[in-house]
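Observations on the three-dimensional arrangement
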Amino acid sequence: MELSSVILTTGSSIVFFRLVNTAVGKLPMPESACRNAWRWRNISTSFVHSFITAIWAVLCFFLHPKMAEDLIETHSVFSHALVSFSIGYFIYDFLDMVGHQKLTQSWELLFHHIVVITCFGVSVLSCRYIGFAVVALLVEINSVFLHLRQMLRLAGNAVGTLYRVNSILNLGTYVVFRINTLAWMTRWLVLNRDNVPLLAYTLGSVGMAIMTTMNIVLFCRLLRSDFLKSSARETKKEKEI
């Protein structure tokens, strides 16, 4: 893809997610979510991005399997467009959070978005490491369940079978598509040290270290919130009986 195509794809993505956000705002909203309408719209928009990107990333490797053998040079227009599309989403979401949240409430996610935009931006502009970026986007498979969890909690449905099943799928896909994927990417980066320029290696290493730390912290929070606390409550009820 040429620079003009990258700009067009990224710009179109920003507009697309702005329209999605607006459309979500016009749809009926759960009564409990009305207390924080912006957050409901933001998470719903993120859910749409995750759903599209998860399918798109899997299709990239399915339609162009050779990319899995060479994550540096080999890629397709389809995979290049995916990374450009995701840059647009992260730019949109960054601006959305800056405009509606205090820095103290969102600095972690804002920092995450800056790292992703920088790394993906270098990839699409240099037309290298596209495969590596697509592997990184496989984490969006987990994000589908992660965002659904947030939506259920905002809707006041943090109990019941649906929430419990989603929690299990969320934690399972978190281990497979976030923690394991990031560990594999870090290992790949170390093994291919001689094939990666110093600047790209440094940028990738720092990015992986930050993402890994953030994901481990979030995993502990999810485990404590959805499983450890609920187990403690059940034990307490049993003792009372």
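No experiment lies behind these values; they were computed from the predicted model shown. (Residues numbered from 1 in each chain as written. Predicted model: local features only at pLDDT ≥ 70, side-chain atom pairs only at ≥ 80, totals over all residues. Heavy atoms only, no water.)

1. Observations regarding the environment of His-112
- With respect to the secondary-structure elements, His-112 resides in helix 4 (residues 103–126).
- When the C-alpha atoms of His-112 and Met-211 are compared, they prove to be 7.5 Å apart, with 99 residues separating the residues in sequence.
- If we skip the residues at most four places from it in the chain, His-112 touches Phe-90, Met-211 and Met-214. (Helix = DSSP H or I, 4+ residues; strand = E, 2+ residues; numbered from the N terminus. Contact = heavy atoms within 4.5 Å.)

2. Here's the deal with the UniProt feature "transmembrane region" (unreviewed entry) in the protein chain
- Cross-referencing UniProt, the feature "transmembrane region" (unreviewed entry) maps to residues 46–65, 77–95, 107–124, 168–186 and 198–223 in the present numbering.
- Along residues 77–95, the helical share is 100% and the strand share 0%, with 27 Å between the first and last C-alpha atoms.
- A helix fraction of 100% and a strand fraction of 0% characterise residues 168–186, whose end C-alpha atoms lie 26 Å from each other. (UniProt positions renumbered as here; feature names shortened; annotations may be inferred.)

3. Structural notes on the side chain of Thr-53
- Among the secondary structure elements, Thr-53 is positioned in helix 2 (residues 37–63).
- In this structure the side chain of Thr-53 is engaged in a polar contact, spanning 2.7 Å, whose partner is the backbone oxygen of His-49.
- Leave out the neighbours within four places in its chain, and Thr-53 touches Leu-82, Phe-85, Ser-86, Leu-137 and Glu-140. (Polar contact = N/O pair within 3.5 Å; in protein donor to acceptor, adjacent residues only side chain to side chain.)

4. Observations concerning the side chain of His-113
- The residue His-113 is located in helix 4 in this model.
- Beyond its immediate sequence surroundings of up to four residues, His-113 is in contact with Phe-90, Asp-93, Phe-94 and Met-97.

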